[in-house]
Each structure stands twice: as C-alpha cells, then as structure tokens.
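# Results of the structural survey
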Amino acid sequence: MKIGSPSLEIKKACSHKEYLLLALPLVISGISTPLLGAVDTAVVGRMPDPVSIGGVAIGAVIFNTMYWLLGFLRVSTSGFTSQAEGLKDQKEMLLTFFRPMIIAFLFGLLFLVLQAPILHLSLMMMGGSEAVSEIASSYFSIRIYGAPFILTSYVMIGWLIGMGKVRLALATQVLMNVLNIILDVVFVLGFGMGVTGVATATLISEVTAVMFGAIVIYRSIKPGLKKIRLRMLSELEPLQKMFKVNRDLFLRTVCLLTMTIIFTSKGASLGEVFLAGNAILLQIHYMMAYLLGGFANASSILVGRSIGSKNRPLYTRAFHLSALWGVGSAAFLSLLMVLWGEEIVSLFTTIGEVQTAAYDQLIWIVIFPILGFWGLQLEGLFSGATQAAPVRDSILLALLLFLPTIWLTVPILGNTGIWLSFVLFSFGRSLFLSLYIPKLGRMSFEDKVEEFSPRKLSS
C-alpha cells in the first residue's frame, strides 16, 4: 500500500454508508481504549474489599491525568495527517508522523525519571485512606514503565486514523485489549496476584500493542523513508503550527483533568464505598464517551481532508453526518442505561454496598450522553481542522461552570452534587463550543464556507 493511498476513499459528497465504513472501526477502536481501565476495575471488583477498587481507581486516574495531558499527540497528529492526505503530499504525511514521535519519546522518558514525585503529589492531591493509597502506589509502580509505549501509541494511532487506515488502528487496540483481558483473568483470578497482576497485565498488553503497531507502520512508510532528511523535522513553520495546536490542546486537557481530579477527590472524601461506586460509573462514562468519540474521529478525518483538498461540500457534510449519528448514538446509550443500567453496574463488582452507591447515581449516566454528545462531536470536527483554540476556551468556560457548582452542592447534596456538577460540565462543553461553529468555517477556508444548519440534518 502506498503512503498516499488511504484504505478508504471518501467522495466529494460522503454518503451514510461511506461514513459508517469509516466510523464503525473507529467506534470499536474507541471503546477498546477505556476497556483497559474497565477490565482492571471489573476484575478487582471480584475481590471482597472495596479498598482494592478505590486503589485501582485512583491509580487509573493518575495515569489518565498523565496520558490525557499528552492526548494532543493523537488528536493533532490525526488532524495534520488528514490534511496532508487531502493535499496528497507524501513527504508531509511522513513528517506528520515523525515530528510528534520525538515529543512522545521525550515525555515518556520524563515520566519515568519523575515517577516518584508524580506519585507523591498525585496521592497528596486526591486524598483517600492509607490503605487505598498503598494499593494505588503498587498499581502505579508497575504501570509507569508503560509510559513511553502508551505515548508512542498515541502518535501511531493518530497517524493511522489521519491516513484513513482505521482498520489497522483498530487491530492495534483490539490486540492490546484482548491480551489485557486474558492476562487479567490469568494473573488475578488464576494466579491470585491481585492488584499487582492487574497492573502487570496492562503493562504487557501496552508494550505488545506498540510493537505490533510499529511493524505495521514501518511496512507502510518504508518506501518513502529515503525522501526524509533530518533537517526537515526542524523546519520552523510546520513546527510552530504543531506547537501552537498542541499547546491549546494541552491546556484543554489541563482543564478536563482538573475537573476529573476534583471529581475523584470529592468522591474519596465521602468514603471508600462512594469512591468505588463513582469509579464504576466513571468507567461506564468513559466507554460512552469513547464510543461517541469514534464518530467524532470519523468526522475529524473528513474535515481534515476537506480542508487539505479545499472541498467545501465535504466540510459541511461532515457536520451533518456527525450530528445525525451522534444524536442517534446518544439516544441509544441513554436507553441502554435505562433498560439495563443496574445489570451493567453489577458486571463491575459483587460488593452490595458499592453496587447500591452506583445505582443511586445511575440517572446521571442516563443523562450524560444526551447533554454531552455534541461537545464530543465538535471537538473531533475542530481537531480535524487543527483549530484548537476554541476547544481550549470552551473547556475552560465549562470548568468555570463546574467549580462553583461542585463546591456549593456537595455539602448539601453529597454524592449527588458531584454528579450534578459533572453533567453540567458536559453540557457546558457542548454549549460553549457550539458558539464557535461559524468562526470555524471562516478560519478553515479563505472565504466563507457553507455553515452548519440544523435544518439540513435530514439531507
């Protein structure tokens, strides 16, 4: 397969069938990402003590914090690559892979060097009992060695998605999750290794997936490697654009993770049972968000290609398709939780008091997809256009809505106040980013493009 030949060609006016052929592998790939944490939580949930669930939950939040801060590596790589693919610029397609790979490697090493202060500061910020902190420390001390591999995989997955090679991206993540599930069961339920087994299984699966991805990508880019010179990686203009987009996405993630840390910390302050119950619901939320993100990633590819090739109808069509499939998916997820929410929660733990704590807040997981889906879709569309400043600003405004809400409601409503604040944050994310839609068209093309209109959703 040549570098410039995507695995799926998108015509000028993308049909629903073509969109689904692009989106469904990304949906499956997206769901596979939170499955690492979900499987870890579910396996530990078979142990008789809620302390283990809480410890793994805090450990997972630490890694989510670290990795989400560098999540721009996948998002920006996908956006820049899809634009280069739209231009059919083979040299730039390769450079959009190598430039962020340098950043991924350096940050991976930095996390390894600074692992002790990272763990200390994280536990100090999130609180929790001494027993929970000890479990979290054990989990962290093993998984930290996967940091360089996870960050490398972000660039790999972003590049494969940007090139439209979504099936290869899917294969890489499915391999990681299937191996993780198998090893979790063997190490924890078979060998009785507990939290150490959970962390070891995740580490092995992360390393294996990156090795597989490296082989896949090398075979794809090998013919074009001789065209790349080291000096090309330091060309000023593309580096400036990459760092600007990555800076804005980084700040966006700081706001998102500030919300997540406060959310987890407030749950921990209410006790280990509430912490464990919230951790289970948060894992369900992650699976919903990543499923919706699969459609957002498909739309991101379309927007990137439309801008690279100056294809305005495709740009407008990406908005229509993203809205239609996003609202349909959100409605399906909410209905799923209404009908089988308690059964889904019970898959994560057999501890009665933890199940009850989760059941009490299940309504918020029903509401979340309806109020939050459009913000997730829009982030994909803006990322495909490599216009990250509006994403940054909208998340900041949502955080400013979240902070006073959680501080005022938790003393009155307890755990319900935590979830109320979380859903308001998700709604604010959708609302504030919607205000930037007209500006996106003007920023992406030299003159005004046909802009999104809800009346065209039926087209």
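The structure reproduced in this document is the subject of the present report. None of these values were measured; they are calculated from a predicted model.

Quick notes on the rules
- Residues numbered from 1 in each chain as written.
- Predicted model: local features only at pLDDT ≥ 70, side-chain atom pairs only at ≥ 80, totals over all residues.
- Heavy atoms only, no water.
- Axes fitted to C-alpha atoms, helices over the stretch in contact; angles between N-to-C directions.
- Helix = DSSP H or I, 4+ residues; strand = E, 2+ residues; numbered from the N terminus.
- Parallel < 35°, antiparallel > 145°, perpendicular 65-115°, else oblique.
- Left-handed = near helix turned anticlockwise from the far one by under 90°.
- Contact = heavy atoms within 4.5 Å.
- Nonpolar A, V, L, I, M, F, W, Y, C, P; charged D, E, K, R; others polar.
- Phe/Tyr/Trp six-rings, centres within 6.5 Å; stacked < 30°, edge-to-face > 60°.
- Buried < 20%, exposed > 50% of the residue type's maximum accessible area, 1.4 Å probe, protein only.
- Salt bridge = Lys/Arg side-chain N within 4 Å of Asp/Glu carboxyl O.

This next bit is on the packing of helix α7 (residues 147–162) against helix α9 (residues 194–221). Packing of α7 against α9 brings their axes to within 10 Å, and their N-to-C directions diverge by 40°. The angle between α7 and α9 places the two elements in the oblique class. Here α7 and α9 pass one another in a crossing that is left-handed. For the pair α7 and α9, the contacting residues are Phe149, Ile150, Thr152, Ser153, Met156, Trp159 and Leu160 in the first and Glu206, Val207, Val210, Gly213, Ala214, Ile217, Ser220 and Ile221 in the second. Here the residues of the contact of α7 with α9 are counted per class, giving 10 nonpolar, 4 polar and 1 charged.

Moving on, we get to the packing of aromatic side chains. Under the defined criterion, the tally for this structure stands at 15 aromatic pairs. With 6.5 Å between their ring centres and 55° between their planes, Phe107 and Phe111 make a pair best called tilted. Here Phe107 and its partner Phe111 are both found in helix α4 (residues 90–113), 4 residues apart, which amounts to about one turn of the helix. Overall, the relative accessible area of 32% leaves Phe107 in the partly exposed class. Their ring planes at 80° and their centres at 6.1 Å tell us that Phe402 and Phe425 sit as a pair that is edge-to-face. Taken together, the positions of Phe402 in helix α15 (residues 389–413) and Phe425 in helix α16 (residues 415–434) put the pair 23 residues apart, joining distant regions of the chain. An aromatic cluster of three or more residues is present, and its members are Phe263, Phe368, Trp419 and Phe422.

Evaluation of the coordinates by the stated rule reveals 9 salt bridges. Note that Arg247 and Asp248 form a salt bridge whose closest N and O atoms lie 3.1 Å from each other. Given the relative accessible area of 44%, Arg247 is considered partly exposed. Here Asp248 falls in the buried class, since its relative accessible area comes to 2%. With its nearest N and O atoms 2.8 Å apart, the salt bridge here joins Arg392 to Asp393. Classification of Arg392 by relative accessible area gives partly exposed; the value is 22%. Owing to a relative accessible area of 24%, Asp393 belongs among the partly exposed residues under this scheme.

Worth remembering: the numbers are spatial, not functional.
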